[in-house]
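# Residue-level structural notes
Single-letter residue listing:
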Amino acid sequence: MDDRTRVAPPLTPTVAPMTRPAGASAKALARRRRFPTLFYLRQHARRRIPKFGFDATDGGAGTDRGIARNAAALDAIELMPRYGVDDDACNMEVELFGRRYAAPFGVAPMGMPGVVWPGAEKYLARAAQRARVPYTAGTVASSTVEELAALAGDMLWFQLYRISQEDHRYGFDLVKRAQAAGAHVLAITMDVPLRTKRPREVRRGLVLPFRLDARTVWDVISHPAWLVAYREHGLPRFANYARYVENPTPDRLAAFSQRSDQSGGGAFSWDEVKRYRDLWRGPVVLKGIMHPQDAAKAVSLGIDGIQVSNHGGRQVEGLPASIDVLPAIAAEVGARATVLFDSGVRSGLDVVRALALGAKAAFAGKAFLYGLGAIGGEGADYVIDLFKEEVRDSMRQVGIKTVAQAPTIARRHPGAWQF
Ligand SMILES: Cc1cc2nc3c(=O)[nH]c(=O)nc-3n(C[C@H](O)[C@H](O)[C@H](O)COP(=O)(O)O)c2cc1C
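Okay, so let's go over this structure. What you are looking at is a predicted structure, and each value in this text was computed from that prediction instead of being measured.

### Examining the packing of helix H5 (residues 120–131) against helix H16 (residues 366–375)
Packed helix pairs are characterised by how far apart their axes lie and by the angle those axes make with each other. As a packed pair, H5 and H16 sit with axes 11 Å apart at the nearest point and diverge in direction by 110 degrees. By the criterion of interaxial angle, the relationship of H5 to H16 is roughly perpendicular. Residues Ala-120, Tyr-123 and Leu-124 of H5 form the contact with H16, whose own contacting residues are Phe-368, Leu-369 and Leu-372. Along the lines of polarity and charge, the residues of the contact of H5 with H16 split into 6 nonpolar, no polar and no charged.

Structural data, given as structure tokens:
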């Protein structure tokens, strides 16, 4: 349950107060004053959305120790600053798989984020397009990949879960749809052999198929902002599956998803990875890699990117923090593939830490949902802007001018895994 977003900065500023951004509206200034970091967004989201929504994003596997470990490991990384750098021209842009992005971070795939804030995917896709950062649409999103493509445009990536029914008929079809819709990168999730138990979700009755009991109804009515958003966007559903289910009511879609889990859902084998690699005409990333030898295997199959991730502590709490295996994987892969990172990113400083340790870009999940929960749709833009500001400030503070210089930052990484 422990998480760095709970640790408020000191009340007495140790540096001069921040200057007001020129031209900012009164509303923007008030928001900035209210939510100077993600800590405050999370705190407010907790009050503003139903308990089931907060626990669905904030809770992890077991006793949330995996989430805490990701946070503690990132916190423990110290970056050594160098001064005397003429840094007026600090440039945050990054090129990933031949496409330029405005900042070295992106939105990780999230299934069913509508539980946290109805319509979440649409707000995130639109905000990513505006800010020119990658947005990863999920297999189990509440909007179809075609709908999200219309909003994310050239910032769209697509994440694939294994849908094992009928020998990949559905998986292949989804991938073809994502490609036709214009997704640039296919991210194959490797780390969900099964849907593990998240106790805080279970306690809130968030098990498929969803049932509205009296407690849930009360939870909703007592959070009116969420209720308004719900009236606009409806309940989350497995939108991408609608084509594969006759008369696709939410219950039938949930049943399709469950049948998939029961019929072996789960982890892709290396043979299957190769089949999807051959099917996708563009860059393929494997998401959820933790062991350097798995990364090496992926590269040998022609995979273009490795997303080092422990699923943000949501699958098993006993895994290493993913930041602690990042350097070994980056060393193993070298220039043969692009290394990406997620799990525990709560600030632009965390992004820069990941860059220093060998990632080309970092992704975040929960951070964006805290923003949506606290502010509503505009929260997606807010968190992206907050991260951009923090990445820029951290880069200038440690004395680098481009993201390519990040690996040159001297650092101490006490938890780094040696294989
Ligand atoms: C609500 C929620 C839903 C998620 N759903 C998916 C998913 O459908 N597919 C997937 O590959 N990862 C999923 N993830 C994991 C994220 O892609 C990412 O690995 C993780 O959130 C990173 O950790 P962070 O939340 O600490 O940033 C989900 C995460 C959250 C918080």
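So that's the structure; there's more coming.
### A few points about helix H6 (residues 145–152)
Of the positions making up H6, those classed as buried are Val-145, Leu-148, Ala-149 and Ala-152. Buried residues of H6 fall within an arc of 110 degrees about the axis and therefore sit on the same side. On its buried side, H6 packs onto H5, strand S5 (135–137), strand S6 (156–160) and helix H7 (169–181). A positive phi of about 55 degrees marks Gly-153, the residue just after H6.

### Observations concerning the pairing of strand S11 (residues 361–364)
Of the two faces of S11, the one lined by Ala-361 and Phe-363 and the one lined by Ala-362 and Ala-364 are each fully buried. Here 3 bridges tie strand S4 (residues 105–107) to S11, and the two strands are oriented parallel to one another. Considered in S11, the bridge of Val-107 is made with Ala-364. Note: strand S10 (residues 338–342) against S11, 3 bridges, orientation parallel. Residue pairing for S11: Asp-342 is matched across the bridge by Phe-363. Between S10 and its parallel partner S11, the chain crosses via helix H15 (residues 348–356), and the hand of that crossover is right-handed.

### Re the nonpolar core
Among the nonpolar cores identified, the biggest contains 129 residues, and Leu-41, Leu-124, Tyr-135, Phe-158, Ile-306, Ile-323 and Leu-326 are the most heavily contacted of them. It is helix H17 (residues 378–398) that provides the largest number of residues to this core, a total of 9 residues.

### Some thoughts on a nonpolar patch on the surface
Nonpolar side chains collect at one region of the surface, where Leu-212, Val-217, Trp-218 and Ile-221 lie side by side and expose about 450 Å² of accessible area between them. Along the polypeptide, Ile-221 turns up in helix H9 (residues 214–221).

### A look at the packing of aromatic side chains
Applying the stated criterion across every chain yields a total of 18 aromatic pairs. On the basis of an interplanar angle of 75 degrees and a centroid distance of 6.4 Å, the ring pair of Tyr-101 and Trp-157 is categorised as edge-to-face. With Tyr-101 in strand S3 (residues 99–101) and Trp-157 in strand S6, the pair connects residues that are 56 residues apart, well separated along the chain. Classification of Tyr-101 by relative accessible area gives buried; the value is 1%. A ring pair is formed by Phe-268 and Tyr-276, whose centres lie 5.6 Å apart and whose planes are at 80 degrees; its orientation type is edge-to-face.

### Things to note about the pattern of salt bridges
Summed over all chains, the structure comprises 23 salt bridges. Between Arg-204 and Asp-55 there is a salt bridge, with the nearest N and O atoms lying 2.6 Å from each other. Taken as a pair, Arg-204 in the loop between helix H8 (199–203) and H9 and Asp-55 in helix H3 (residues 51–58) lie far apart in primary sequence, 149 residues in all. The class for Arg-204 is partly exposed, based on a relative accessible area of 29%. Take Asp-55: its relative accessible area is 8%, and that puts it in the buried class. The partner of Arg-198 in a salt bridge is Glu-201, and the shortest N-O contact between them spans 3.5 Å. One exposure class covers both Arg-198 and Glu-201, and it is buried.

Cut-off values and rules
- Residues numbered from 1 in each chain as written.
- Predicted model: local features only at pLDDT ≥ 70, side-chain atom pairs only at ≥ 80, totals over all residues.
- Heavy atoms only, no water.
- Axes fitted to C-alpha atoms, helices over the stretch in contact; angles between N-to-C directions.
- Helix = DSSP H or I, 4+ residues; strand = E, 2+ residues; numbered from the N terminus.
- Parallel < 35°, antiparallel > 145°, perpendicular 65-115°, else oblique.
- Contact = heavy atoms within 4.5 Å.
- Nonpolar A, V, L, I, M, F, W, Y, C, P; charged D, E, K, R; others polar.
- Buried < 20%, exposed > 50% of the residue type's maximum accessible area, 1.4 Å probe, protein only.
- Arc of directions from axis to C-beta.
- Pairing = 2+ DSSP bridges.
- Right-handed = clockwise from strand over helix to strand, strands pointing away.
- Core = buried A, V, L, I, M, F, W, Y, C linked by side-chain atoms within 4.5 Å.
- Patch = residues over 30% accessible without salt bridge, like charges linked within 9 Å, V, L, I, M, F, W, Y side chains within 5 Å.
- Areas by Shrake-Rupley, 256 points an atom, 1.4 Å probe, with all protein chains shown as cover.
- Salt bridge = Lys/Arg side-chain N within 4 Å of Asp/Glu carboxyl O.
- Phe/Tyr/Trp six-rings, centres within 6.5 Å; stacked < 30°, edge-to-face > 60°.

Coordinates in, geometry out; function isn't part of it.
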